[in-house]
Amino acid sequence: MQAICRSLLLLTVALAVSVGHASAGETRARQILDRFEHANQWRDHVMVAAHRAGSMQAGKTLYPENSIAAVEGSIALGAEIVEVDIRRSKDGAFVVMHDSWLDRTTNCKGEVVNYTVAELKRCRLVIEGTGAVTKETVSTLREMLMATRDRILINLDNKLDVQALPGMIAAARELGMAEQVIVKENLWSQQRLDSVKVTMAQTGGGFQFMPIIADDAVHDAAFAEKVGKAFSPDAIELINWRAGAETLTETGGPLFSTRMRAVSVRGGWHIWADTYAIVNKPGGFLSGGRGDELAVQASLPAETYGFWAERGATIIQTDEPKAAIGWLAANGFRVPYAGAGERIEPADTASIN
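Residues numbered from 1 in each chain as written. Predicted model: local features only at pLDDT ≥ 70, side-chain atom pairs only at ≥ 80, totals over all residues. Heavy atoms only, no water.

## A look at the overall build of the chain
Within the chain, the regular secondary structure consists of twelve helices and 13 strands. Buried positions account for 51% of the 353 residues belonging to the chain. By sequence separation, contacts in the chain at least 24 residues apart represent 68% of the contacts at least 6 residues apart. Total accessible area computed for the chain in this model is approximately 15,600 Å², and 54% of it derives from carbon and sulfur atoms. (Helix = DSSP H or I, 4+ residues; strand = E, 2+ residues; numbered from the N terminus. Buried < 20%, exposed > 50% of the residue type's maximum accessible area, 1.4 Å probe, protein only. Contact = heavy atoms within 4.5 Å. Areas by Shrake-Rupley, 256 points an atom, 1.4 Å probe, with all protein chains shown as cover.)

Shown next as structure tokens:
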């Protein structure tokens, strides 16, 4: 009997050590992915996605957009996702660039598609606003993927047609990191849904597909429920368009409704909101006026990050990851990740409040 007890004790210790090693060896990306894939267990935590890799702090551009330096900065801040934009070079390679032209973000001129990768590597990224030329070069998709591997999720904003998505996912699969990759497409009708679904089926599985729904075309949660059933996504990006003459949204628009929150819980997916600026449009154009400019320049973060969190958003994409993370953490919307003394248990309930 004593021998049996000793054997059981040794087995218990061995299992404990094994579990401990598995936990200690878990990558940061894996911890983030767990929260991304289990929205209903983590509705007390708001994840932060850094737009164009996260180049800004306090209204000032610190890094070139879509640069590896910006990615490093966002990782250091604790962001869970970096968003980067993908185009093709003249020789067919996927490269990281928002605009179709190089003029705004590099010291080169002309269209991206007219440059080979080798030629793009001779271009230097600039810091928007100051025009300062940096040592950063235009990254290939592979280089950007390598910079994020096991560290953070990466959202590839496809600036090409939907048929380019399989090639992007193939590049991630070659590196064994397809599950870290989020790709997205706009959906506004049944015809569009069916078309994208065919492409997704051709692409295979093992990656994250996030539909985008905007309230210029969709006005209720029924379409989102249909999208959820068609794709079983872990997140859906909702856009509250704002025309220039409108006041700040009081409700979040037709998509940020009580029913939408219920639909998201039943579907087990995150509501993703956007507070960033787009070219020639203010930080709030995609969020009913309640964007980064209101949060940072007007010093009203509660009316921005707090507003969207209270309306069910559990992912916020922003140009200001430091400001967003700081305010969310200070106001109880962030749950620390595994580490010294940090809480790692998910919430007990699937609250939508």
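## So, helix H8 (residues 221–231)
Of all the residues in H8, the buried ones are Ala221, Phe223, Ala224, Val227, Gly228, Ala230 and Phe231. N-cap assignment for H8: the residue whose side-chain oxygen lies 2.9 Å from the backbone N of Ala222 is Asp220. Directly beyond the C-terminal end of H8, a positive phi value near 45° is found at Ser232. (Polar contact = N/O pair within 3.5 Å; in protein donor to acceptor, adjacent residues only side chain to side chain.)

## Side note on empty space enclosed by the protein
Counted under the stated rule, the structure contains two cavities of 30 Å³ or more. Of the pockets and cavities examined, the largest cavity occupies roughly 40 Å³. The wall of the largest cavity is formed by Pro64, Glu65, Arg104, Thr105, Leu125, Val126 and Glu128. Residue composition of the lining of the largest cavity, by class: three nonpolar, one polar and three charged. Of the pockets and cavities examined, the second largest cavity occupies roughly 30 Å³. Every residue along the wall of the second largest cavity is listed here: Glu65, Asn66, Val96, Met97, His98, Thr105 and Leu125. Residue composition of the lining of the second largest cavity, by class: three nonpolar, three polar and one charged. (1 Å grid on protein atoms, 1.4 Å probe; cavity = no way out; pocket = protein on both sides within 12 Å on 5 of 7 lines; lining within 4 Å. Points joined across faces, edges and corners; volume = space filled by probe spheres on them. Nonpolar A, V, L, I, M, F, W, Y, C, P; charged D, E, K, R; others polar.)

## What to know about the pattern of salt bridges
Summed over all chains, the structure comprises 16 salt bridges. Between Glu237 and Lys184 there is a salt bridge, with its nearest N and O atoms 3.6 Å apart. Taken together, the positions of Glu237 in strand E11 (residues 235–239) and Lys184 in strand E9 (residues 181–186) put the pair 53 residues apart, joining distant regions of the chain. Just as Glu237 is buried, Lys184 falls in that class too. (Salt bridge = Lys/Arg side-chain N within 4 Å of Asp/Glu carboxyl O.)

## Looking at the nonpolar core
Judged by nonpolar contacts, the single largest core of 66 residues is most densely connected at Leu145, Leu156, Ile213 and Phe231. For this core, the element with the most residues is H8, which contributes six residues. In this view, Ile213 contacts Leu187, Val218, Phe223, Ala224, Val227, Ile236, Glu237, Leu238, Ile239 and Leu255; residues no more than four positions away in its chain are not counted. Listed in part, the 13 residues of the second largest apolar core include Met47, Ala49, Met210 and Tyr337. (Core = buried A, V, L, I, M, F, W, Y, C linked by side-chain atoms within 4.5 Å.)

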